[in-house]
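# Secondary and tertiary structure notes
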Amino acid sequence: MNHNKTSESFCIHTVNLGKAYKDYSSEWRRIASWMGIRTRPIPEKRVLRNISFRMGQGEAIGIVGQNGAGKSTLLKLISGTLHPSEGHIHISGRISAILELGMGFNPELTGRQNALHTLGLLGFPHKQIMDLLPGIEDFAEINSYFDEPVRTLSSGMQMRIAFGVATCVRPDILIIDEALSVGDAYFQHKSFDRIRKFREAGTSMIIVSHDKNAIQTFCDRAILLDKGNLLMDNTPESVLDYYNALIAEKESCRPRMNYLENKGIQTISGTGEAEVETLDLLDSNGHSTEEIHTGEPVCLRIKVSVKEDIPELVIGYVIKNRLGQDVFGTNTHNLGCSLLNLRAGEKPEYHFYFPANLAPGSYSLALALHRGADHLEYNYEWRNLALMFHVRNTHHPVFSGLTWIPPKVEYAR
Ligand SMILES: Nc1ncnc2c1ncn2[C@@H]1O[C@H](COP(=O)(O)OP(=O)(O)OP(=O)(O)O)[C@@H](O)[C@H]1O
């Protein structure tokens, strides 16, 4: 293993990185092995294999994957907390990592003592640590709890200290494992603000998060891990869409990918018992269009072809902006208008009427046919980038933001 420094223009480069743990069948075998007592060969459990990727200076990568996929293990390998069983890691720059909650903190020491201790371990000189402590205390905003043993603090308070310590000096590479989901809304805003400033100043970032929006907002790229393998490395939108389809797949079959010219990667998954036959966005004159106007009354027309008898058909859609962020989503289950007991050969048709209260820009629509409350329960067909359209603002005053929410104004003087 190499935790080498390198002067290339990337700041992280992993080559065939892998991690295996010995799979002790009992505590006795673990102790026997530590004491050098020979027992039967101990099998290994490989939790990461052949992970190769590069991260450029200033880039932000989101790591996604199901529980146990190996995300935290990968972060620990990169931050040097764990040693790889195989492969190499090349790092360029100073890393600061916020890993699992409480990791590295001594529960008997106070927040202040832990901050002091951690910064000391990171190699900061004593004088600089004393200068940094007030800033960490201010950032954490937990008043006298800063001087209480960490074991008595809530998980949110511990995270405030951990985040304050890890970010008291801007690192070259910031690694964050799910930390942002622990705090309350105020702390999350404050942390995101700090991260944003670091990014503007050139810090590279790797974040593990189950929060799709955090990945969409902060990352240039996403990596999907599945059972210890690197399954996909692409734009956050493409990876999250594929991941979304992957977790909906109960059968062993993998979702299909279509490369759309200049429009990204389309993922299609599902059993195929019902399929979308046609999908159209109709303007206020009832004509199929790809260009609409802010506030215009439009209609989404979806024709479905039922291929096999099915007990229920729910149709859902999500409108996404150009960054892949969900702007609005709904389905016939939530709207109370799903169909039951459909026969093979039926071709139900739905019209969804709504005002296009959207800011100017380009949008895509993801569509799902399924049973139950969402497509994760039982999925007939799910496809992203099913429709692309453009919104222009020609009839309304200029406004900022994502949606057109016109106020009724009353005023006096
Ligand atoms: N010390 C260990 N000894 C043995 N197996 C381990 C050890 N640490 C992790 N594992 C196993 O490695 C696999 C990957 O774990 P890891 O925590 O990296 O997954 P993850 O993707 O971060 O999951 P989650 O989203 O649940 O945090 C899991 O199967 C886990 O049980």
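Residues numbered from 1 in each chain as written. Predicted model: local features only at pLDDT ≥ 70, side-chain atom pairs only at ≥ 80, totals over all residues. Heavy atoms only, no water.

Under the annotation held in an unreviewed UniProt entry, the protein carries the name ABC transporter ATP-binding protein and is attributed to Desulfobotulus mexicanus. You can read under Sequence similarities (unreviewed entry) in the UniProt record for the protein the words "Belongs to the ABC transporter superfamily." (UniProt positions renumbered as here; feature names shortened; annotations may be inferred.)

### Quick notes on the overall build of the protein
Summing up its helical and strand segments, the protein has nine helices and 21 strands in all. Seen along its three principal axes, the alpha-carbon backbone of the protein occupies a region of about 75 × 75 × 45 Å. Relative to its full complement of 413 residues, the protein shows a buried share of 47%. Long-range pairs, those at least 24 residues apart, make up 70% of the contacts in the protein with a sequence separation of at least 6. Accessible surface for the protein amounts to roughly 20900 Å². Of this, 50% is attributable to carbon and sulfur atoms. (Helix = DSSP H or I, 4+ residues; strand = E, 2+ residues; numbered from the N terminus. Buried < 20%, exposed > 50% of the residue type's maximum accessible area, 1.4 Å probe, protein only. Contact = heavy atoms within 4.5 Å. Areas by Shrake-Rupley, 256 points an atom, 1.4 Å probe, with all protein chains shown as cover.)

### Considerations on the sheet that holds strand β9 (residues 221-226)
Strand order in this open sheet of six strands is β6-β7-β8-β4-β9-β10, and the pairing throughout is mixed. Looking at the sheet topology across the chains shown, the edges are occupied by β6 (95-98) and β10 (229-234). Pairwise comparison of adjacent strand axes, ignoring direction, gives a mean angle of 15 degrees for this sheet. With five bridges joining them, β9 and β10 adopt antiparallel strand pairing. Looking at the pairing, Leu-224 lines up with Met-232 of β10. Docked against the sheet, helix α2 (residues 71-79) engages β4 (60-64), β6, β7 (173-177), β8 (204-208) and β9, running at close to 150 degrees with respect to β7. (Pairing = 2+ DSSP bridges. Axes fitted to C-alpha atoms, helices over the stretch in contact; angles between N-to-C directions.)

### Some remarks on the site of the ligand
The full set of residues close to the ligand is Tyr-21, Lys-45, Val-47, Gln-66, Asn-67, Gly-68, Ala-69, Gly-70, Lys-71, Ser-72, Thr-73 and His-210. In the model, an oxygen atom of the ligand is placed 2.8 Å from a nitrogen or oxygen of the Gly-68 main chain. Lys-71 places a side-chain nitrogen or oxygen 2.7 Å from an oxygen atom of the ligand. In the complex, 61% of the free accessible area of the ligand, which totals 640 Å², lies under the protein chains. If you list the elements that add at least two residues to the shell around the ligand, you get β3 (44-56) and α2. Ranked by residues supplied to the shell around the ligand, first place goes to α2 with three residues. A breakdown of the residues in the shell around the ligand according to their chemical character gives three nonpolar, seven polar and two charged. (Near = heavy atom within 4 Å. Polar contact = N/O pair within 3.5 Å; in protein donor to acceptor, adjacent residues only side chain to side chain. Nonpolar A, V, L, I, M, F, W, Y, C, P; charged D, E, K, R; others polar.)

### Observations concerning the domain arrangement of the protein
Segmentation of the protein into domains returns domain 1 (10-234) and domain 2 (239-412). Here domain 1 and domain 2 have C-alpha centroids that lie 36 Å from each other. With 16 residues of domain 1 at the interface, the matching set in domain 2 holds 14 residues. Here domain 1 meets domain 2 over a buried area of about 1400 Å², counting both sides, of which 66% is carbon and sulfur. The largest contributions to the domain 1 side of the interface with domain 2 come from Lys-212, Gln-216 and Met-232, which together make up 41% of the buried area. Where domain 1 meets domain 2, there are one salt bridge. There are five residue pairs in polar contact (both at pLDDT 80 or more) connecting domain 1 and domain 2. Put simply, the parts of the chain that give the side of domain 1 that touches domain 2 at least two residues each are α7 (212-218), β9 and β10. In terms of residue class, the side of domain 1 that touches domain 2 is built from seven nonpolar, six polar and three charged. (Domains from an automatic or database assignment. Buried area = accessible area lost by both parts, 1.4 Å probe. Salt bridge = Lys/Arg side-chain N within 4 Å of Asp/Glu carboxyl O.)

### Thoughts on the nonpolar core
Counting residues in hydrophobic clusters, the biggest one holds 45 residues, and the most contacted among them are Ile-161, Ile-195 and Leu-224. Of the domains in this structure, domain 1 (10-234) and domain 2 (239-412) are the two that each give at least three residues to this core. In contact with Ile-161, not counting residues within four places along its chain, are Phe-105, Gly-111, Ile-136, Ala-140, Ile-142, Phe-146 and Leu-153. Core analysis: the second largest hydrophobic core is formed by 30 residues, Ile-319, Phe-354, Ala-359 and Leu-369 among them. (Core = buried A, V, L, I, M, F, W, Y, C linked by side-chain atoms within 4.5 Å.)

### Some thoughts on the confidence of the model for the protein
Residues with a pLDDT of 70 or more make up 92% of the protein, whose mean pLDDT is 88. Contacts of residues 1-7 to residues separated by more than four positions or lying in other chains number 21 contacts, the stretch itself having pLDDT below 50. At the level of chain-chain contacts, confidence expressed as ipTM amounts to 0.92, with global pTM at 0.75. (pLDDT = per-residue confidence, 0-100.)

### Section: the environment of Leu-77
As for its position among the elements, Leu-77 is in helix α2. Along the chain, Leu-77 and Ile-176 lie 99 residues apart, while their C-alpha atoms are 13 Å from each other.

### Brief notes about the sheet that holds strand β13 (residues 274-282)
Taken together, three strands build an open sheet; the order of strands is β13-β15-β19 and the sheet is antiparallel. Of all strands in the sheet, those bounded by a partner on one side alone are β13 and β19 (349-355). This sheet shows a mean twist of 20 degrees between the axes of neighbouring strands, independent of strand direction. Pairing between strand β15 (residues 297-306) and β19: seven bridges, direction antiparallel. What sits directly across from Leu-300, in β19, is Phe-352.

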